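Fold and contact review
Listed below, chain by chain, are the residues.
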Amino acid sequence: MLFRSSRMTLIGIGAGFAGLVIVMQPNSTIPREGANGIHMTLLMLVLIAGNIMWSVGSFLTPRIDKPGPPLVLTTYEMLAAGVALIVVGMCRGQRLSDLTHGSATSWAAWWYLVLIGSVVGYTTYNWLLGHAPISLVATYSYVNPVVALVLAAVLFSEPIGTRIVFGGVLILSAVALVAASERVTPSRARSEEH
């Protein structure tokens, strides 16, 4: 059987997904200037498609042969993503020479995302996929939208309504439920790899 989880874990996953739907519904946030409803819906669909692809990759990673340690896998992921982003950027009229126009703040943010967000984050995630149940590892995807909304409120004073607060509390409760119901043991982690 490819997916084995307790009833509480499945309830937590369902509750987290419900909270995510509540947080990401149209008109739950006020669009920034220049963004209309169609634009926001398209962006939401792109985010959902990306999460589905990430979930499939996360599910398959422990079950397929990998090129080596987690850092090697992270290198391949970053290389593929970098090439894809360069192609998309060039199709949209951007040039590699545009990199020379970045401010010191932009470059500092870029280095932070490369080192902490990508190298440390992806390597840790790839390691966890081999050592913990996927249902526990994947709870990050529920928490990320909540963190993004809190940062938007704190840094950009974006309003957060009661629907978002309710969805966020539901998500965090679901993550706590999954974390409490999943007991990471070496034998279980190894059995889920196969």
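For the structure itself, consult the block above.
Residues numbered from 1 in each chain as written. Predicted model: local features only at pLDDT ≥ 70, side-chain atom pairs only at ≥ 80, totals over all residues. Heavy atoms only, no water.

With respect to the overall build of the protein
Defined as follows: Note on conventions: DSSP H or I runs of at least 4 residues are helices, E runs of at least 2 residues are strands, and numbering of each starts at the N terminus. Under the scheme applied here, a residue whose accessible area is under 20% of the maximum for its type counts as buried, over 50% as exposed, and between as partly exposed, the area being computed with a 1.4 Å probe on protein chains only. Contact between two residues is taken to exist if any of their heavy atoms lie within 4.5 Å; hydrogens are not considered. To measure how exposed things are, a 1.4 Å probe is used in the Shrake-Rupley method; for residues, cover is taken only from the protein chains shown.
Within the protein one finds eight helices and zero strands. Sequence-ordered secondary structure for the protein, helices as α and strands as β, is α-α-α-α-α-α-α-α. Across the 194 residues in the protein, those meeting the buried criterion constitute 23%. Long-range pairs, those at least 24 residues apart, make up 82% of the contacts in the protein between residues at least 6 apart in sequence. About 12,900 Å² of surface is accessible on the protein, with carbon and sulfur atoms providing 73% of the total.

Let's talk about the nonpolar core
Nonpolar side chains in soluble globular proteins tend to be buried together. As a reminder of what qualifies: Here the nonpolar core consists of buried residues drawn from Ala, Val, Leu, Ile, Met, Phe, Trp, Tyr and Cys, with membership extended through side-chain atoms lying within 4.5 Å.
Among the nonpolar cores identified, the biggest contains seven residues, and these are Leu20, Val23, Met24, Val146, Leu149, Ile164 and Ile171. Where this core is concerned, the elements lending two or more residues are α1 (7-24), α6 (140-156) and α7 (162-181). Per element, the largest residue contribution to this core is three residues, and it comes from α1. In this structure, Tyr125, Leu129, Ala132 and Ile134 belong to the second largest nonpolar core, which totals five residues.

Describing a nonpolar patch on the surface
Rule in force here: A patch consists of residues whose relative accessible area exceeds 30% and which take part in no salt bridge; residues with like charges are grouped when within 9 Å of each other, and nonpolar side chains (Val, Leu, Ile, Met, Phe, Trp, Tyr) when within 5 Å. What makes a salt bridge here is a side-chain nitrogen of Lys or Arg within 4 Å of a carboxyl oxygen of Asp or Glu, nothing more.
There is a patch of nonpolar side chains on the surface, built from Ile86, Met90, Leu96, Leu99, Trp107, Trp110, Trp111, Tyr112, Leu113, Leu115, Ile116 and Val120 and spanning about 1,200 Å² of accessible area. Mapped onto the nonpolar patch, the elements with two or more residues apiece are α3 (70-91) and α4 (104-129). It is α4 that contributes the most residues to the nonpolar patch, eight residues altogether. In this fold, Trp107 is placed in helix α4.

Points about the packing of α3 against α4
How we decide: All axes here are fitted lines through C-alpha atoms, helices being fitted over the stretch that makes contact, and every angle between N-to-C directions spans 0 to 180 degrees. Roughly parallel means an angle under 35 degrees; roughly antiparallel means over 145; roughly perpendicular covers 65 to 115; every other angle is labelled oblique. The crossing is said to be left-handed when, going from far helix to near helix, the turn is anticlockwise and less than a right angle, and right-handed when the turn is clockwise.
Here α3 crosses α4 at 125°, and the two axes come no closer than 8 Å. Regarding the angle of α3 to α4, the classification is oblique. Along this stretch, α3 crosses α4, giving a crossing that reads as right-handed. Facing α3, whose interface residues are Pro70, Leu71, Leu73, Thr74, Glu77 and Met78, α4 presents Val114, Ser118, Val119, Tyr122, Thr123, Asn126 and Trp127.

Structural notes on the pattern of salt bridges
For the structure shown, the criterion picks out one salt bridge. A salt bridge links Arg95 to Asp98, with the nearest nitrogen and oxygen atoms 3.3 Å apart. The exposure class assigned to Asp98 is partly exposed, which follows from its relative accessible area of 30%.

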